[in-house]
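Fold and geometry: a report
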Amino acid sequence: MTGVVAAVAAGGLVTDHPGATPPMTYNVLLRVPGSLGTPTVVRGTLQNTVGGRRTAAQRPTLSLFLCPGATLRGIAYWLLRKAKPSGAPDPTPYDEMRVATALWAWNRDYLAALGGPAGWRTGLWLPLPVEVDAGGAQWVTDWETVGGWADQLPSPLGAALDTPAQHLPLPEPAVLSTEVAAWLSGRDLDDVADVVARDLVGNPFEAVFRILEILRQVAADDAGDAVDLAAAVTNGLATWELSTLASVTAGHGVLRRLWSLVGPSSDGDAEDARDLLGPALGLTRTGSGVWQPPDVLGPTVIPDELTALPPAPPVKGRKPAPQGLVTPWKVAAENPGGRHSMMLGRDLCIGVTDSYTQKNGTSWTGPAYVGRLDPAQFIQDNAAAIGFTTDAERARLRVVELIAPNEGRLDAARGADKGTLSTGIQQWSAHLNEELPVLLARFKRVAPDHYDLFFGMYGLQPEPWWRVDGKEAAAEVADPAAVRAANPEAFDAAGAAKQGKEYALRYATLFQVRPGGGRVRLAEPPDSVVEVLPRHAFFGVTKQGKAYTVAPEWCARIRLASLCSLPYNLVQVWTAVWRFERLARQPLGKATLIVRGRPYRIRDFSVSEYGAALMIDQHINAPFWVTAAIDRAIDRTERAIARMPEPVRTELRPFDEGTSGPLRAQWLRLFQINYLAERDLVGKADRDMRITGLHDRFDKDHNWTGLDPEPGSFAGWVGP
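Residues numbered from 1 in each chain as written. Predicted model: local features only at pLDDT ≥ 70, side-chain atom pairs only at ≥ 80, totals over all residues. Heavy atoms only, no water.

Looking at the pattern of salt bridges
Scanning all chains against the criterion turns up 50 salt bridges. A salt bridge links Arg-256 to Asp-452, with the nearest nitrogen and oxygen atoms 2.7 Å apart. You can see Arg-256 sitting in helix 11 (residues 249–262) and its partner Asp-452 sitting in helix 17 (residues 448–454), a full 196 residues away along the chain. Overall, Asp-452 belongs to the buried group, its relative accessible area being 16%. For the salt bridge of Arg-679 with Asp-688, the shortest nitrogen-to-oxygen distance reads 2.9 Å. (Salt bridge = Lys/Arg side-chain N within 4 Å of Asp/Glu carboxyl O. Helix = DSSP H or I, 4+ residues; strand = E, 2+ residues; numbered from the N terminus. Buried < 20%, exposed > 50% of the residue type's maximum accessible area, 1.4 Å probe, protein only.)

Written out as C-alpha cells, the structure reads:
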C-alpha cells in the first residue's frame, strides 16, 4: 500500500467514518479563468460536450490540479457542492458516483493521451464541465446532463473512482539527462514542441524537470534551435492555457524558462511568444513596448503551490500516528515521517521542529533535517564532473569528503537558529554574505535555468558584492570595479567572469525582486538579532517577544534543488573546497598567532590532514572563532612544554633558532591535541568525537579510511 493510499485508507472512507468523504479525497487546486468576484451558479446548456483542451472559440471552463489524495469520487462530492445551481436539490451518493464516472468519460481522450488511469497523479490538470459565462459572473452547468455522460464509458470505472492521486516521484538527475538525450536523438523540433506542449498542459508538475532538461540539451546543441523550440511551444498554447500555467509554480517556472530563451531574440516568432508570455506572467512593459525580464521587475502573477495531503480525521478510540521521522531510514525516497512541505508538486520531508537559544537570549524555532543524500557517494560518482585535477584540490576534497558526516548531507536544511536558512554539506547560512549568498551566486552563474526554477521564481536574486570599511556596501546597484576587486579569483584579467568551478566568489549579497516591483537589497543582519530585518522577513521569519519562528517553505525549496539538480550539488562541492581559501584569509581579529615572538599564518598550524580537518570543521560552524582558538591552543601548548623536563622541552621546541622555517612537527603534534581541546563550536562534543574517530581510523596502507595526523600530510595549501 503506497503512502497516499494508506493515508486515504486511514481517513476511513468506509470503516471509521461511514458515509463520510474525507477532505483529502477532494484535495485540489481550483482554477477559474477570468475570475471576477463571486459568481452565480446557474443551470444551463453546456456547450462543451467533450472535455480536454478547448479552442478559443469555445466557452471557458473551470479546471483543477490534483493534489495528493484526490479521487474522482471525492472531486465529484466537492464539485456538486461547490458548483450547485440555486434551487437544485442536495446531491446523493448516487449522484456523486455518476458525476465521478462522467468526469472521466467527458475527459477520456484527453486522459488517455496522458497515460489513462496511470496518469492519475498529483499535478494532473483536469478540466471540469462547469463553464464560465457573462464575463466570469456566471458558472453554467447541468449535473443531470453530466451524469448521463457516465453511460458513454464502454466499461465502468469501478474501484478507480476511489483511487487517490499518487505523489510524484523525484527525478534522479543523471537518469533524467540520459533519458532525455536518448529521446531527443533523431527527433525533429516540431515533434519535440508538440510533445512538450501536450505534457505541459496535461501535468506541468510531472513534466517540469523533463521540459527544463529538454530545453537545456537543445540549447547546448544549438542555441538557435532552443529559441525556435521555446517560441513554437509558447505560440502553440492558448492564452487561457498560458495564464493558468503561470498561476501554478511548475507552469510558472517553465514559462519563465521559455521567456529567458525568447526574450533576447529578434526573431518574429520569438516576438510573438514574448507578447503571449508577458501578460501571462504579469511582466511589466515599458512605454516603448519593451518587456522587462522577471528578474529585473517582478511578475505580478504569484504562482500557487499544490497543497499537501491533509491529515486524516481523528478516530475516536485510536491514538494518532507518531509525528517523528521514521528511523532508521535507508530508502532512496522521502522519509514519510516528520514535517512535510510541497514544492513543485513534490512532497518533501523537512525533518522535525527544532529550537535553539542564541547568546542574546532569543530563541529560534523551525524545521531541521539532516538530509539523506550522501556527499561521499556523490563525490565518488561525479568525479569527472567535479573536475579537480591538482594535488591541492584533491587534498582539500579528501578532507571535505571525510568530515562531511560532521557537517550535513547534500540536502540538509535547517531553519531553527539565527542563520535563518542553513543548508548543505557545510551548513551555508543565509545570514552571512560569505556563506549562502556566495553559494547561490555561484549556482546562478553555473546553471541560471536551474537557479531560476528553484529560487529565482520566488524573488530571490544573489549578487556578487563588496565591502566598505568592513561592512556590506550600502548600494542598490553593483559597482563592477568594486565587485571585481572584492572577488579577484572570480574574474579574469580582462574583467570577465570565469566559468564553472573557477568562478570562485568571496563575497555576495541577496536581493528581493518584489511582485510588480524592482529589486531591493536584503542587507546582511547584525550578529546579535533583536528584530525581524528584511532578510529575515523574506525567508519567512516572524517574531513574538524574544521568540523567532522560521517558516518551512525555504527549507523545502533548497532541499528540492539538492535532490534534483546536479549543477547545484557540483557547486556545493566546489564551494566546500574553496573554504580552505577562506580559512587562509580569515581575519585575525584580536588574535596574533605569535609563537615565541614569531608571527605565523593560519595555514602554518594546519599542515596535517587531521589538523586541517579540525580547523575547517570549526570554520564551517563558527568561522570567527577560529583564530582565537588557535591563540589559546598556542598558549596551552607552550605552558605544557614549559612544565616538561629536559631534554623533552627542547625536543618539543616550535622552531629552530636562527632559522625562518615552518613550525616543527614535534610541536605541531602537541598543538593539534590542544587545538582540539580549545576550539569552541556548537555541538563540540559530538564533532570532536567524530573527527578524532577519523584520526584513530587512519591506516597508512588504506589511507582513505581516516585522517593522517602527521604534520606535512596535508597537501592542500598552494604556494610557499
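Structure's up, so let's keep going.
Topic: the nonpolar core
Counting residues in hydrophobic clusters, the biggest one holds 177 residues, and the most contacted among them are Phe-455, Phe-605, Ile-630 and Phe-671. Among residues more than four places away in sequence, those in contact with Phe-671 are Phe-605, Met-615, Ile-630, Ala-633, Ile-634 and Thr-637. Counting residues in each nonpolar core, the second largest holds 15 residues, with Val-438, Trp-466, Ala-473 and Ala-482 among its members. (Core = buried A, V, L, I, M, F, W, Y, C linked by side-chain atoms within 4.5 Å. Contact = heavy atoms within 4.5 Å.)

With respect to the packing of aromatic side chains
For the structure on display, the rule yields 30 aromatic pairs. When the ring of Trp-104 is compared with that of Trp-120, the centres are 6.1 Å apart and the planes differ by 45 degrees; the resulting orientation is tilted. Placement of Trp-104 in helix 3 (residues 93–106) and of Trp-120 in the loop between helix 4 (108–113) and strand 4 (125–133) is noted, with a sequence separation of 16 residues between them. Neither Trp-104 nor Trp-120 differs from the other in exposure class; each is buried. Judged by centre distance (6.0 Å) and plane angle (5 degrees), the rings of Trp-106 and Trp-149 are stacked. Highlighted residues: Trp-106 in helix 3 and Trp-149 in the loop between helix 5 (143–148) and helix 6 (173–184), separated in sequence by 43 residues. Each member of the pair, Trp-106 as well as Trp-149, carries the same accessibility label: buried. (Phe/Tyr/Trp six-rings, centres within 6.5 Å; stacked < 30°, edge-to-face > 60°.)

Some thoughts on helix 16 (residues 436–446)
Most of helix 16 is tucked away: eight of the eleven residues are buried. For helix 16, the set of buried residues is Leu-436, Pro-437, Val-438, Leu-439, Leu-440, Ala-441, Arg-442 and Phe-443.

Some points on the confidence of the model for the protein
Mean pLDDT for the protein: 91, with 94% of residues reaching 70 or above. Below a pLDDT of 50 lies the segment residues 5–18, which in the model reaches 30 contacts outside its immediate sequence neighbourhood of four places, other chains included. (pLDDT = per-residue confidence, 0-100.)

Observations concerning the sheet that holds strand 5 (residues 138–141)
Taken in spatial order, the five strands make up an open sheet running 1-3-4-5-2, and their pairing is mixed. Either end of the sheet is taken by a strand with one partner, and the two such strands are strand 1 (28–31) and strand 2 (40–43). On average, each strand axis in the sheet is tilted by 35 degrees relative to the strand beside it, whichever way the strands run. Lying over the sheet, helix 3 contacts strand 3 (61–66) and strand 4, oriented at roughly 100 degrees with respect to strand 4. (Pairing = 2+ DSSP bridges. Axes fitted to C-alpha atoms, helices over the stretch in contact; angles between N-to-C directions.)

Re the side chain of Arg-31
Within the secondary structure, Arg-31 is located in strand 1. Relative accessible area serves as the criterion here: at 12%, Arg-31 is assigned to the buried category. Polar side-chain contacts of Arg-31 include one of 3.0 Å to the side chain of Ser-247. Excluding its chain neighbours within four sequence positions, the residues that come into contact with Arg-31 are Leu-62, Ser-63, Leu-64, Phe-65, Thr-244, Ser-247, Val-248 and Asp-304. (Polar contact = N/O pair within 3.5 Å; in protein donor to acceptor, adjacent residues only side chain to side chain.)

Comments concerning the sheet that holds strand 15 (residues 508–513)
Pairing is antiparallel in the open sheet, where three strands are placed in the order 12-15-16. Edge positions in the sheet fall to strand 12 (460–464) and strand 16 (519–522), since each has one partner strand and no second. Each adjacent strand pair in this sheet contributes to an overall mean axis angle of 35 degrees, direction not counted. As judged from the four bridges shared by strand 15 and strand 16, these two strands associate in the antiparallel manner. Of the residues in strand 16, the one forming a bridge with Leu-510 is Leu-522.

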